[in-house]
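# An overview of the molecular structure
Each chain, letter by letter, is given below.
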Amino acid sequence: MSSSEVQTERVVAPAHNILGSLRLPGDKSISHRYALLGGLAAGKSRFTNFSSGADCASSLACVEAMGAKVTRTADAIEVEGVGGAFTPSSSPLDCGNSGSTMRMLAGLLAPQSGSFTLIGDASLTRRPMERVRKPLAQMGAEIELTEGHAPVTIHGKTLKAMDYTTPVPSAQVKSAVLFAGLQAEGTTTVREAVRTRDHSELALRAFGANVERTLESVSIVGGQKLQAIEAAVPGDMSSAAFFLCAAALFPQSNLIFDGLGMNPTRATLLDVLTALGAHIGVLNLEDKHGELIGTVQVNAPADGLTGTTISGALAAQLIDELPVISAIAPYTKNGIRIRDAKELRVKESDRIALVAQNLRAMGAEVEEFEDGLDIPGGQTLRGATIDAGGDHRIAMAFSVAALRAQGETVIRGAESAAISFPEFFDLLDRVAER
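In this report, we go over the structure that sits alongside the text. (Residues numbered from 1 in each chain as written. Predicted model: local features only at pLDDT ≥ 70, side-chain atom pairs only at ≥ 80, totals over all residues. Heavy atoms only, no water.)

## Considering empty space enclosed by the protein
Summed over all chains, the structure comprises 1 cavity of 30 Å³ or more. In this structure, the largest cavity spans a volume of roughly 40 Å³. If you trace the largest cavity, you find it lined by Asp-27, Ile-30, His-199, Pro-234, Met-237, Gly-261, Met-262, Asn-263, Arg-266, Glu-291 and Leu-292. Of the residues assigned to the lining of the largest cavity, the class counts are 5 nonpolar, 3 polar and 3 charged. (1 Å grid on protein atoms, 1.4 Å probe; cavity = no way out; pocket = protein on both sides within 12 Å on 5 of 7 lines; lining within 4 Å. Points joined across faces, edges and corners; volume = space filled by probe spheres on them. Nonpolar A, V, L, I, M, F, W, Y, C, P; charged D, E, K, R; others polar.)

## As for the nonpolar core
In this structure, Phe-243, Phe-257 and Phe-398 are the most contacted members of the largest nonpolar core, which totals 80 residues. By residue number, the principal contributor to this core is helix 8 (residues 237–247), which donates 9 residues. Among residues more than four places away in sequence, those in contact with Phe-398 are Val-355, Asn-358, Leu-359, Met-362, Ile-386 and Ile-411. The next biggest cluster of nonpolar side chains, apart from the first, holds 64 residues, and it includes Ile-30, Ala-35, Phe-47 and Cys-95. (Core = buried A, V, L, I, M, F, W, Y, C linked by side-chain atoms within 4.5 Å. Buried < 20%, exposed > 50% of the residue type's maximum accessible area, 1.4 Å probe, protein only. Helix = DSSP H or I, 4+ residues; strand = E, 2+ residues; numbered from the N terminus. Contact = heavy atoms within 4.5 Å.)

## Thoughts on the sheet that holds strand 16 (residues 279–288)
Overall, mixed pairing links the 5 strands, which are arranged 16-17-15-2-24 in an open sheet. At either end of the open sheet lies a strand with only one pairing partner, and these are strand 16 and strand 24 (432–433). One ladder, built from 2 bridges, connects strand 2 (residues 17–22) with strand 24; its direction is antiparallel. Counterpart to Ile-18 in the pairing with strand 24 is Ala-432. (Pairing = 2+ DSSP bridges.)

## Quick look at helix 12 (residues 351–361)
Within helix 12, the full set of buried residues consists of Arg-351, Ile-352, Leu-354, Val-355, Ala-356, Asn-358 and Leu-359. Those residues of helix 12 that are buried lie in contact with helix 11 (322–328), strand 20 (367–369), strand 21 (372–375), strand 22 (385–387) and helix 13 (392–401). Put simply, Asp-350 is the residue that caps the front of helix 12, since its side-chain oxygen is 3.3 Å from the backbone nitrogen of Ile-352. A positive phi of about 90 degrees marks Gly-363, the residue just after helix 12. (Polar contact = N/O pair within 3.5 Å; in protein donor to acceptor, adjacent residues only side chain to side chain.)

## What to know about unusual backbone geometry
The step from Ala-150 to Pro-151 runs through a cis peptide bond, and the omega angle for that step is 0 degrees. In this structure, Pro-151 sits in strand 9 (residues 149–155). Of note in the backbone geometry, Glu-147 takes a positive phi value of approximately 50 degrees without being a glycine. By the secondary structure assignment, Glu-147 is in the loop between strand 8 (142–146) and strand 9. Take Glu-147: its relative accessible area is 76%, and that puts it in the exposed class. With a phi close to 50 degrees, Asn-284 is a non-glycine residue in the positive phi region. You can see Asn-284 is positioned in strand 16.

## Concerning the environment of Leu-359
One can find Leu-359 in helix 12. Residues Leu-359 and Arg-382 lie 23 residues apart in sequence; the distance between their C-alpha atoms is 9.7 Å. When residues no more than four places from it in sequence are discounted, the contact partners of Leu-359 are Ser-326, Ala-327, Pro-330, Ala-364, Val-366, Ile-375, Leu-381 and Phe-398.

## What about the pairing of strand 17 (residues 291–299)?
Pairing analysis gives 5 bridges linking strand 15 (residues 254–261) to strand 17, with the strands arranged antiparallel. Residue pairing in the sheet places Ile-256 in a bridge with Gln-297 of strand 17. Of the strand pairs in this sheet, strand 16 and strand 17 are connected by 8 bridges, and their pairing is antiparallel. Looking at the pairing, Gly-281 lines up with Gln-297 of strand 17. Once strand 16 ends, the chain turns through 2 residues before running back antiparallel as strand 17, passing His-289 with a positive phi of about 55 degrees.

Taken by themselves, the reported measurements are silent on function.
As structure tokens, this is what we get:
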């Protein structure tokens, strides 16, 4: 957070139920990819329900700075693409708080002509960028980092395709390599031991690229051209996670989501909530540009949530949802154990440390490990002052924990929620019965 931004506090009062229906803003992961690929494509793309978060606005601003024309109307975002060749910007490209923007843009720009510098805010500047520089360098890219971090300077080069196995499950790294491969000589293949979210593959196909997928790999032939599309962005599952978990806390709850993204690589949270005892119903599934969209209904179990262990591939698939799962863990009967989630320590904040610190502030017992947490069940939490640490997911996760606490909770740094989900607190007030 820059010194010019003022930290805001938000008071969250306990609730006694969660009821209603929600249509959530567009999926952030899909919005990023549509913005970046729409910027590169030929023709004018039109996106409805585009994410309202600041992160996706950063992706739009970056392609706009390199010659794409972005028009914001009342109900859509229109992006007139550059037809394959970005123009280097006279000033650095500001990725704000968005690791997605910086990492995927590195792949998109590595094969372009000219030099590009990517910068970000203080939080983004602390996040590791070597993980994208390394595979792109193997393709022939020239990328300079500052001690492994942003600013990132890219000197465009002709790239050669490669066969790459990701050392750590990361959709952003996979996407950077595929975006570079789209413009490289030959066929680029990315292999991953744990399948990560596949929005990039689906978006590339939507824009007209031929992408081949097997169970453990994805391949793209270089030299393909992208064409503009019209698309409605599905509601964001990562944003829904907070409301799904909130509804799961109250035995009389009934919450319905319309137009929610149901991509199988993103819907793992529904499986976990079902395992905890919540009742999840999925209606009206349809396919839009390869992405599944549906109506989802959630009801809490009458006798409360049970408990579970999240580790291995499951931890990788749920990495964004782990803070809110941790926040409701004390209210389960048997508690929740999280392992193999070391990646949480290098997100917008050290999420393992902040979750433990804030749960303890609310009076919870919690044990912290290098790669996870043990959070016993059957606990009673009390309202407290929460330090969001400039991290949107921490601010929102503890707003959910506050709904079942005794007394009011103050979320310090509540403005960080706007990074991904500016409407969050208003929507929470709408469905929380007090």
